[in-house]
Each structure stands twice: as structure tokens, then as C-alpha cells.
Amino acid sequence: MSYSPISAGECVATGAKAHVLFGRMLEDNDFWALLECDSPQEIAGYLKRTEGYAKYLEAIMAATVHRAELEHALLAVPLYAVASFLPYFGGARKKFLRAWVERFQAGLLKQVMRWLFAGRGERESLRSGFGGLPFVTLPFEALISCKDFEEFIKILRGTKYYAVLREPVDWLLKGRGNLYSCETAIDAYVISNIYRSALSLPMLERPEVLNLLGSMVDVLNVYFCYRAKRFYAMSREEIVNRLLPVRFKIKGPTINRLASCDDMEAFWSVLSTTNYLRAFGTEPPNDELALERDMKRFLRERALSTFRKGSPSFHTVIAYLMLLEFEVRDIITIIEDVRYDYNRRIAAAFLTRPLIPGGALSWR
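Note that the structure is predicted; figures quoted are calculated from it, not measured. (Residues numbered from 1 in each chain as written. Predicted model: local features only at pLDDT ≥ 70, side-chain atom pairs only at ≥ 80, totals over all residues. Heavy atoms only, no water.)

**Overview of the overall build of the protein**
Working step 1: Scanning the protein from terminus to terminus reveals 19 helices and zero strands.
Working step 2: Against the globule reference of 21 Å for 364 residues, the protein gives a C-alpha radius of gyration of 21 Å, in line with a compact fold.
Working step 3: Considering only C-alpha atoms, the protein reaches an extent of 50 × 50 × 45 Å along its principal axes.
Working step 4: Counting only contacts in the protein whose residues sit at least 6 apart along the sequence, the fraction spanning at least 24 positions is 66%.
Working step 5: Of the accessible surface of the protein, which amounts to about 17,300 Å², a share of 52% is contributed by carbon and sulfur atoms.
Working step 6: Of note, the protein has its 48 positive side-chain charges centred 6 Å away from the centre of its 42 negative side-chain charges. (Helix = DSSP H or I, 4+ residues; strand = E, 2+ residues; numbered from the N terminus. Rg over C-alpha atoms; globule rule 2.2 N^0.38 Å. Contact = heavy atoms within 4.5 Å. Areas by Shrake-Rupley, 256 points an atom, 1.4 Å probe, with all protein chains shown as cover. Lys, Arg positive; Asp, Glu negative; His and termini not counted. Charge placed at Lys NZ, Arg CZ, Asp CG, Glu CD.)

Shown next, in the form of C-alpha cells:
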């Protein structure tokens, strides 16, 4: 695919815009201030005074906002960020961004499935979180109103997720499958589309985007292998069949070795031969939350490195969008910590953003 002067100009302009928006993201002192808040309402008030979040929270009444309402508004921020870039792009770049943003709709679909599977929860609270979001094309109103998974899959007929979920939902209805199988099927479909879209990007832009996306694919595949061996006692064949159907640096032979390990020591021995030991730690974890944090920090570091690399271009936009997602997730984590009055020093240590140098539990 060619790299024309016109498309190059578009990429420089949007890369520069990504730098401007990056400059509006929160700083360390903002996170410390959020951690010192006493309620979700106080957090909302603080965010409404920041340059990066003020316009997205205009409709929020900080003094009376409910936690769920605030979290739903924050989760929509990356969607609006993508929407602000879309008019600048066409062709393969626009196709990639649409595939990228589809992860959000897939996440909403998984929320509905979890709610339906649990058979409890506030239907109206779930419904309110879906209203007015960009890029939402599924019939969520009907999905939230359905009574069981048989009705759920019928409603999906005619959508792109029907073929994805028909078999795993059928297994679920027959008692032979579980919700995890449904969620992995959705993830495989969405991430495969993103990866294929990246392969169609202009040649000079493709490597940086693929390095960023490929790291995420590899980390997710290793993490699935880890969880399958540690918590589900799955066989090698079951594990390999449920992995994302794309590979980056961790290819088939290494995947097979990870999936064949008898214990965590052997698993970490194989992991040490890859480029991802730093993402999981040098030994099997004692704390699952710490493991998930380290994975996210590894990917955030990759995104930050990509963002700063070379002249502003399309890869700058994608790296910024990843960094924004990590920031929003950290804010939501803080909201939960504040709401349930968790120890703030411990909470700070488990954010994706490394606020505490060296991991020491010190407080400012």
C-alpha cells in the first residue's frame, strides 16, 4: 500500500493532535489528589476541574452523581476520543480505528451476558450505562430485556456476533459450556479483526502499530495459558484451541510448551525464554492483583515508548488511545477504592500508573 504525501500530512496532523491531548492527561499529583478524596462525588468534582475531563463530564452533577453514573461517563471518554480522530482518516486507518473501538461494544455485550448469567443485578443501571454512546450498533435495549440465553442468541441473529456466539451459547444452554467460553469467543473475534486491520495499514506505519498490538496479543495469550493451568486444569489441546487465533513473537512451539507445563515453576521456566518475563514477574505470583498490575504496566510502558518514538504519525494516535484507556481504568479503580474505603497506600501500589517508585508503600 502506498504512503502518499496527503496521507502523510494527515498522520502528522493527527499525531500532533494526539500530543496536545496527551498534554491534557492527568499528572501524578492529580492521582494523589484523587486518592485523597473521600467520595465518588468529590472525585467527580475534581475531574470536572481538569482540562482533560471537564467537557466529558459536563452533564454530571458532581454533588449528587452516583458511582455507576460516573464510571459509565468515564468509560465513554476513550470512545469520544476515537470519534474525534475518525474524520481525519479514511481507508485502512479508519478501518483499523473502527476495529479498535469495537472492543468497547464487545465489552458491553459481555456485561449483558454476565448480568443474564448471574440472574441478578439492576437492569436499569445496566441500561443507563449504554445510552447515547458512539459506535454502539447492537440492539442492547432488546438484549437487556431478554429473559434467558435462548432469547439472547435469537436477538443477536442478523448481527456480526451471532456466528461468534451461536455455538458457545448452545453449549451453555446444554450445560456443556460456561460463560468464560462465550467471552473468549468474543475476544478472539474482536482482537483478530484488529490484528488483520493492522496488517492492512500503510507499510511505513504498520511496524509500530503491530509491535504495540502484538505485545498485547502475546501478553493476553500467556495470561490465558497461566490461568488455564493454574485455575482450570485444562489440557494442552483445550488451552491452545481457546487462545487468540493470532500470534506475534510467541509462536506455536512456545505456546505448546507453556500449555504443556505440569506446574508453575515449569511454566515460568518457559516464560523466561520469551520477551515477556518482565510483564509477569520473575517467579509465580502470590498475588493475582499484582500480576495483573504488572501486565498492565508492561503494556503501558510499551504504549508510552511508542508514543514518544519518531515523528508524530498514526502510531502516535494509537499509543495515546491506549494510554488514555489505562488512565480511565485507574480512575475507576480509585473510585472503587474510595467508595469502599480501602487503604489508599495499598490502592496506589496497584494502579497501572507507577506512582510509587520502586513499589515501596510510601505516602506523600
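Next comes the rest of the description.
**Points about the pattern of salt bridges**
Working step 1: All chains considered together, the criterion is met by 16 salt bridges.
Working step 2: Two residues, Glu-325 and Arg-103, come together in a salt bridge whose shortest N-O distance is 2.5 Å. Of the two residues, Glu-325 sits in helix H18 (residues 314-339) while Arg-103 sits in helix H6 (residues 91-118), which places them 222 residues apart along the sequence.
Working step 3: Here Glu-208 makes a salt bridge to Lys-309, at a shortest N to O gap of 3.9 Å. (Salt bridge = Lys/Arg side-chain N within 4 Å of Asp/Glu carboxyl O.)

**Some thoughts on the environment of Leu-304**
Working step 1: Turning to its location among the elements, Leu-304 is positioned in helix H17 (residues 288-308).
Working step 2: What makes Leu-304 buried here is its relative accessible area of 16%.
Working step 3: When the C-alpha atoms of Leu-304 and Phe-22 are compared, they prove to be 10 Å apart, with 282 residues separating the residues in sequence.
Working step 4: Ignoring anything within four residues of it in the chain, the contact list for Leu-304 reads Phe-22 and Leu-323. (Buried < 20%, exposed > 50% of the residue type's maximum accessible area, 1.4 Å probe, protein only.)

**Details of unusual backbone geometry**
Working step 1: One non-glycine residue with positive phi stands out, namely Ala-233, at about 50 degrees.
Working step 2: With respect to the element layout, Ala-233 can be found in the loop between helix H12 (206-231) and helix H13 (236-242).
Working step 3: Phi angles above zero are rare outside glycine, and Asp-341 is one such case at about 55 degrees.
Working step 4: Mapping Asp-341 onto the fold places it in the loop between H18 and helix H19 (344-349).

**Here's the deal with the nonpolar core**
Working step 1: Ranked by size, the top nonpolar core spans 132 residues in total, and within it Phe-152, Leu-165 and Phe-280 carry the most contacts.
Working step 2: A total of 16 residues in this core trace back to one element, the largest contributor, which is H18.
Working step 3: In this structure, Leu-165 is in contact with Leu-109, Met-113, Phe-152, Ile-153, Leu-156, Cys-182 and Ile-186, ignoring residues within four places of it in sequence. (Core = buried A, V, L, I, M, F, W, Y, C linked by side-chain atoms within 4.5 Å.)

**Examining the packing of aromatic side chains**
Working step 1: Inspection of the entire model under this criterion finds 17 aromatic pairs.
Working step 2: Both rings, one in Tyr-56 and one in Tyr-80, keep their centres 6.2 Å apart while their planes meet at 25 degrees; by these two values the pair is stacked. Residue Tyr-56 is found in the loop between helix H3 (40-48) and helix H4 (67-75), and its partner Tyr-80 is found in helix H5 (residues 77-85); the two are separated by 24 residues along the sequence.
Working step 3: When its relative accessible area of 37% is taken as the criterion, Tyr-80 is described as partly exposed.
Working step 4: Members of the aromatic cluster, joined through ring pairs, are Tyr-223, Tyr-226, Phe-231, Phe-267 and Trp-268.
Working step 5: Directly above the aromatic system of Phe-350 lies the positively charged group of Arg-293, at a separation of 5.4 Å from the ring centroid. (Phe/Tyr/Trp six-rings, centres within 6.5 Å; stacked < 30°, edge-to-face > 60°. Lys NZ or Arg CZ within 6 Å of the ring centre and 35° of its normal.)

**Comments concerning the packing of H17 against H18**
Working step 1: Put simply, H17 and H18 touch, their axes get as near as 8 Å, and they point 145 degrees apart. Crossing of H17 against H18: the hand is left-handed. Taking contact as the criterion, the partners of Lys-296, Leu-299, Arg-300, Ala-303, Leu-304, Thr-306 and Phe-307 in H17 are, on H18, His-315, Thr-316, Ala-319, Tyr-320, Met-322, Leu-323 and Phe-326.
Working step 2: The class makeup of the residues in the contact of H17 with H18 is nine nonpolar, three polar and two charged. (Axes fitted to C-alpha atoms, helices over the stretch in contact; angles between N-to-C directions. Left-handed = near helix turned anticlockwise from the far one by under 90°. Nonpolar A, V, L, I, M, F, W, Y, C, P; charged D, E, K, R; others polar.)

**Here we look at the side chain of Glu-327**
Working step 1: Inspection of the secondary structure assignment puts Glu-327 in helix H18.
Working step 2: Of the side chains with opposite charge, Arg-353 lies nearest to the buried Glu-327, which makes no salt bridge, at 4.2 Å.
Working step 3: A polar side-chain atom of Glu-327 sits 2.5 Å from a polar atom in the side chain of Tyr-53.
Working step 4: Apart from the residues lying within four places of it in its own chain, the contact partners of Glu-327 are Met-25, Leu-26, Phe-31, Tyr-53 and Arg-353. (Polar contact = N/O pair within 3.5 Å; in protein donor to acceptor, adjacent residues only side chain to side chain.)

**Considerations on the environment of Leu-133**
Working step 1: As for its position among the elements, Leu-133 is in the loop between helix H7 (123-128) and helix H8 (140-145).
Working step 2: For the pair Leu-133 and Leu-75, spaced 58 residues apart in the sequence, the C-alpha separation amounts to 9.9 Å.
Working step 3: With residues near it in sequence (within four places) discarded, Leu-133 still touches Ala-76, Leu-79 and Leu-108.

**Side note on H6**
Working step 1: In this model H6 runs 41 Å from its N-terminal to its C-terminal C-alpha over 28 residues, within 8% of the 40 Å that 1.5 Å per residue would give.
Working step 2: Just downstream of H6 lies Gly-119, where phi reads positive at about 70 degrees. (Expected span 1.5 Å × (residues − 1).)

**As for the state of the cysteines**
Working step 1: Per the counting criterion, the structure on display carries zero disulfides.
Working step 2: Take Cys-146: it sits in no disulfide, and the sulfur closest to it among the cysteines is that of Cys-182, at 13 Å.
Working step 3: Counting only cysteine sulfurs, Cys-225 is the nearest neighbor of Cys-261, a cysteine outside any disulfide, at a range of 8.9 Å. (Disulfide = S-S within 2.5 Å.)

**Topic: the side chain of Ser-181**
Working step 1: When you line up the elements, Ser-181 lands in helix H11 (residues 179-199).
Working step 2: Apart from the residues lying within four places of it in its own chain, the contact partners of Ser-181 are Pro-168 and Arg-242.

**Observations regarding helix H14 (residues 252-260)**
At 3.6 residues per turn, the α-helix brings residues three or four places apart onto the same side.
Working step 1: Of the positions making up H14, those classed as buried are Thr-254, Ile-255, Leu-258 and Ala-259. Taken around the axis of H14, the buried residues stretch over an arc of 135 degrees, which confines them to a single face.
Working step 2: Close packing links the buried residues of H14 with H12, H13 and helix H15 (264-271). (Arc of directions from axis to C-beta.)

These figures come from the coordinates and say nothing about function on their own.
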